[in-house]
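One letter stands for each residue in the lines below.
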Amino acid sequence: MLGVLALVFGAGALKLGFWGDDGPGAGLLPFVVSSLLLPMLFLVLREPLPSAETGFTAGPLSAIALVIIYAALLSRAGFVLSTLVLLFLWIRLFYRQGWLRSAACSAGLTGLGLLIFGVFLKVPMQLFPDFQ
């Protein structure tokens, strides 16, 4: 994550430019931050893992991927279908619940979301897929 952050700062610095006509440009500070983050990354990777910590697991990365897929599908599949699928997979995979409990919880939470956002808050949203 530290390496990605350094790359983002470095790319932003290149776009902004390091120096302007009247002095330092907007990209100088992100460049300095990027230049400092890269050596820190190598220092962090060199250190051994503390005994109290566990190594990398795929769980957090899977959760991020699932939320990104949900965000991509939300505008195409609508709130109800995308939220049902997201919650079902989330409960099934991360909480290790059975099929029936996952389906019941996802249906109940989706209904609660519809009630809160659709009825009480009156948020305009696409509820179902648009088959045009």
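Here's what I pulled together on the structure shown here. These numbers were taken from a predicted model, which means no experiment stands behind them.

Conventions and cut-offs
Residue positions are given per chain, counting from 1 as you read along its sequence in written order. The predicted nature of this model means local features are confined to residues of pLDDT at least 70 and side-chain atom pairs, given and counted, to a pLDDT of 80 or more, with totals for whole chains, interfaces and linings taken over all residues. In computing side-chain properties, one takes all heavy atoms of the structure into account and sets aside hydrogens as well as water. We count a stretch as a helix when DSSP gives it H or I for four or more residues in a row; a strand needs E for two or more, and each element gets its number in order from the N terminus. Atoms counted for the radius of gyration: C-alpha only. Globule rule: 2.2 Å times residue count to the power 0.38. The buried label applies to any residue whose accessible area, calculated with a 1.4 Å probe on protein chains only, is under 20% of its type's maximum; exposed applies above 50%, and partly exposed to all values in between. Contact definition: two residues touch when any of their heavy atoms are within 4.5 Å. We get accessible surface area from the Shrake-Rupley algorithm with a probe of 1.4 Å; when it comes to residues, only the shown protein chains can shield them. A positive count includes Lys and Arg, and a negative count includes Asp and Glu. His and the chain ends are not counted in either. The location of each charge is read from NZ of Lys, CZ of Arg, CG of Asp or CD of Glu. Each helix should span, by expectation, one fewer than its residue count multiplied by 1.5 Å. The reported arc concerns the directions from the helix axis to the C-beta atoms and nothing else. By convention, a stacked pair of Phe, Tyr or Trp rings (six-membered ring in the case of Trp) has centres within 6.5 Å and planes under 30 degrees apart, an edge-to-face pair has planes over 60 apart, and any other such pair is tilted. We call a charge positioned above a ring when the Lys NZ or Arg CZ atom is no farther than 6 Å from the ring centre and deviates by at most 35 degrees from the ring normal.

## Describing the overall build of the chain
Line of reasoning, step 1. Helices and strands together make up the secondary structure of the chain, namely four helices and two strands.
Line of reasoning, step 2. When the elements of the chain are put in sequence order from the N terminus, they spell out α-β-β-α-α-α.
Line of reasoning, step 3. Whereas a compact globule of 132 residues would reach a radius of gyration of roughly 14 Å, the chain reaches 22 Å, over 25% beyond that.
Line of reasoning, step 4. Its C-alpha atoms give the chain principal-axis dimensions of about 60 × 45 × 30 Å.
Line of reasoning, step 5. Counting every position in the chain, which comprises 132 residues, the buried fraction comes to 20%.
Line of reasoning, step 6. Considering only residue pairs separated by 6 or more positions, the chain has 47% of its internal contacts joining residues 24 or more positions apart.
Line of reasoning, step 7. Carbon and sulfur atoms make up 75% of the accessible area of the chain, which amounts to about 9900 Å² in all.
Line of reasoning, step 8. Considering the chain, the positive charge centre built from 7 side chains and the negative charge centre built from 5 side chains are found 22 Å apart.

## A few points about helix H4 (residues 99-120)
Line of reasoning, step 1. Between the first and last C-alpha of H4 there are 30 Å, a value that for 22 residues agrees with the 32 Å anticipated at 1.5 Å per step.
Line of reasoning, step 2. Taken as a whole, H4 has its buried residues at Ser 102, Ser 106, Thr 110 and Gly 113. Burial along H4 is one-sided: seen end-on, the buried residues are contained in an arc of 60°. With respect to the buried face of H4, the exposed residues turned more than 90 degrees away are Leu 100, Arg 101 and Phe 120.
Line of reasoning, step 3. Buried positions along H4 lie against helix H3 (58-94).
Line of reasoning, step 4. Lys 122 sits one or two positions beyond H4 and adopts a positive phi of about 55°.

## A few points about the packing of aromatic side chains
Line of reasoning, step 1. A complete count under the given rule lists two aromatic pairs for this structure.
Line of reasoning, step 2. The interplanar angle of 65° and the centroid separation of 4.8 Å between the aromatic rings of Trp 90 and Phe 94 together place this pair among those described as edge-to-face. Here Phe 94 and Trp 90 lie together in helix H3, a separation of four residues that amounts to about one turn.
Line of reasoning, step 3. Its relative accessible area of 27% is what places Trp 90 among the partly exposed residues.
Line of reasoning, step 4. Residue Phe 94 is classed as partly exposed on the basis of its relative accessible area, which comes to 30%.
Line of reasoning, step 5. For the cation-ring pair, Arg 92 lies above Trp 99, with the distance from its terminal atom to the ring centre recorded as 4.2 Å.

## Observations regarding the side chain of Thr 110
Line of reasoning, step 1. Looking at where Thr 110 falls in the secondary structure, it is placed in helix H4.
Line of reasoning, step 2. Not counting chain neighbours up to four residues away, the residues in contact with Thr 110 comprise Phe 79, Val 80, Thr 83, Leu 84 and Leu 87.

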